[in-house]
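Report on the structure
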Amino acid sequence: MTGQVLQLSEFTLGRPYHAALCRVSPRHPPISFHTHQDFYELFYVLAGRGEHRLSAGSQDLAAGDLVLVRPADRHFLVGLPPAGLEWINVAVPMATWHGVLDIAGVVSVDDLNRTPLPRLVHTSGEEADRLEASFRDALARYARAAGRLDLMRFILEVLGVLEVQQASAGDGSPRPDWLVRACAAMSREENLRGGVPRLGVLAGVSASHLCRTMRAHYDMTPTAFVTELRLRHAEMLLATTSASLTEISYQCGFSSPSYFSRRFHATQGLSPRDFRRRARQAVLPLP
């Protein structure tokens, strides 16, 4: 039994990330394992003691601990006596996390997935103070409808603490520069409309070579990558603009409004109209 699979759009509703202050007491009943369909989870322990339980083992947690949870990690948290556990959780879209890592040039997907347990860093003193400030700032900005620059700044601050090092030759190769540049450029709307053919032009390689390389470094096909970017962009437009569904479908590069609606519903579990309604209720105060 794999447990529940969480999807980021269930929580962000058009925002670039999700953040929450979480608490679990020793009396809190255990919850089932879960994984993440499309996001990484970073959490920082503010106070108390607990256990990070995973299908591959467990990690003891205390104040000052930083953990990077990968999408495929099956996990949940348990609070221990006397006070349980308190932490700040920040969920980052998979594509955004990989994109920032590419720009920073510090790690590949293989490096992140090499160890059976997620990366855990114990911090103290000034380093712990800076890290806590970063998480509290990300939480406060999320409550005020944070933007993408806020998320990128947070990721870079956390990377400095994670101290992830570049993979050495033969120990997981970094992504090729041409792939990094092409994938980064695809986030622009004019390129999204061009789809996979435009990605191929930006990459400057054959379709078969692009597919093999993307599978090796992103664990997805070019079509899946472009579709994910299109849906992310559609979420943002639905949540922050008054553009019609027809306009949004063509802005994001979908072939028709009906196809856009089918793909959106299949991925998000609700229609674009329902998503827009929920997103606005989450951001705007109700009368």
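Definitions and limits used
- In this numbering scheme, every chain counts its residues from 1 along its sequence in written order.
- Under the rules for a predicted model, residues below a pLDDT of 70 receive no local features and side-chain atom pairs below 80 are neither given nor counted, while totals for whole chains, interfaces and linings still include all residues.
- Side-chain measures here rest on the full set of heavy atoms in the structure, leaving out hydrogens and waters.
- Aromatic pairs are defined between Phe, Tyr and Trp rings, using the six-membered ring for Trp, whenever the two ring centres lie within 6.5 Å; interplanar angles under 30 degrees are classed as stacked, those over 60 as edge-to-face, and all others as tilted.
- Strands here are runs of E lasting at least two residues and helices are runs of H or I lasting at least four, both read from the DSSP assignment and numbered beginning at the N terminus.
- Buried means the residue's accessible area, taken with a 1.4 Å probe over protein chains only, is under 20% of the maximum for its type, while exposed means over 50%, and partly exposed covers the values in between.
- Sitting over a ring, as applied to charges here, requires NZ of Lys or CZ of Arg to be within 6 Å of the ring centre and within 35 degrees of the ring normal.
- Contacts between residues were defined by any pair of non-hydrogen atoms, one from each residue, lying within 4.5 Å.
- Working definition of a nonpolar core: buried Ala, Val, Leu, Ile, Met, Phe, Trp, Tyr and Cys residues. They are joined through side-chain atoms within 4.5 Å.
- A residue's pLDDT is simply how confident the predictor is in it, with values from 0 to 100.
- Strands qualify as paired when DSSP identifies two bridges or more between them.
- Expected helix span is given by 1.5 Å per residue-to-residue step, counting one fewer step than there are residues.
- It is the directions from the helix axis to the C-beta atoms whose arc is reported.

It is worth spelling out the packing of aromatic side chains at this point. One pass over the structure, following the stated rule, counts nine aromatic pairs. Between Tyr-17 and Tyr-142, the aromatic rings sit 5.8 Å apart at their centres with planes inclined by 45 degrees, giving tilted as the arrangement. Note that Tyr-17 is positioned in the loop between helix 1 (9–12) and strand 2 (18–24) and Tyr-142 in helix 4 (residues 125–143), a separation of 125 residues in sequence. Tyr-17 sits in the buried class, given a relative accessible area of 2%. Of the residues examined, Tyr-142 reaches a relative accessible area of 11% and is grouped as buried. Between Phe-135 and Phe-154 the ring centres are 4.9 Å apart and the planes differ by 85 degrees, which places this aromatic pair in the edge-to-face class. Note that Phe-135 is positioned in helix 4 and Phe-154 in helix 5 (residues 148–162), a separation of 19 residues in sequence. Overall, the relative accessible area of 0% leaves Phe-135 in the buried class. Each member of the aromatic cluster is reached from another via a ring pair, and the members are Phe-254, Tyr-259, Phe-260, Phe-264 and Phe-275. The ring of Tyr-142 has Arg-15 sitting right over it, with the charged end atom 4.7 Å from the ring centre. We note Arg-230 situated over the ring of Phe-254; from NZ or CZ to the ring centre the distance is 5.9 Å.

Structurally, the position occupied by Leu-54 is in strand 4 (residues 39–54). As for Leu-54 and Leu-117, which are separated by 63 residues in sequence, their C-alpha atoms are 7.7 Å apart. With residues up to four places along the chain from it excluded, the contact list for Leu-54 reads Phe-33, Gln-59, Asp-73, Arg-74, His-75, Leu-117 and Pro-118.

Here the focus is unusual backbone geometry. For the bond running from Pro-81 to Pro-82, omega is 5 degrees, close enough to zero to count as cis. Considering the arrangement of structural elements, one finds Pro-82 in the loop between strand 7 (75–79) and strand 8 (85–93).

The next thing to look at is the nonpolar core. Counting 44 residues, the largest nonpolar core has Leu-42, Leu-66, Val-90, Trp-97, Phe-135, Leu-162 and Phe-225 as its most contacted members. Here this core gets seven residues from one element, more than from any other, and that element is helix 5. Residues Leu-231, Leu-238, Cys-252 and Leu-270 belong to the second largest nonpolar core, which totals 16 residues.

Let us look at the confidence of the model for the protein chain. The predicted model of the protein chain averages 84 in pLDDT, with 87% of residues at 70 or higher. Considering each helix and strand of the protein chain separately, the mean pLDDT is smallest for helix 3 (residues 109–113), with a value of 65, and largest for helix 8 (residues 195–203), with 95. Note that pLDDT drops below 50 for residues 164–172; the model gives that stretch 15 contacts with residues more than four away or on any other chain. Low pLDDT (under 50) marks residues 283–287, which in the prediction has two contacts with non-local residues, meaning those over four places away or in another chain.

With respect to the secondary-structure elements, Ser-9 resides in helix 1. Judged by its relative accessible area of 4%, Ser-9 falls in the buried class. Beyond its immediate chain neighbours, meaning those up to four positions away, Ser-9 contacts Arg-232, Glu-235, Gln-268 and Phe-275.

With that settled, consider the pairing of strand 5 (residues 57–62). Examined bridge by bridge, strand 4 and strand 5 share six bridges and lie antiparallel to one another. Residue pairing for strand 5: Arg-53 is matched across the bridge by Ser-58. With antiparallel pairing between neighbouring strands as the criterion, strand 4 and strand 5 make up a hairpin whose turn holds two residues.

With twelve residues, helix 12 (residues 257–268) should cover 16 Å at 1.5 Å per step; its first-to-last C-alpha distance of 16 Å lies within 8% of that length. Every buried residue of helix 12 is accounted for by Phe-260, Phe-264 and Gln-268. Summarising the axial view, the buried residues of helix 12 lie within an arc of 35 degrees, below the 170-degree limit, and thus occupy one face. Exposed residues on helix 12 whose side chains face more than 90 degrees from its buried face are Arg-262 and Ala-266.

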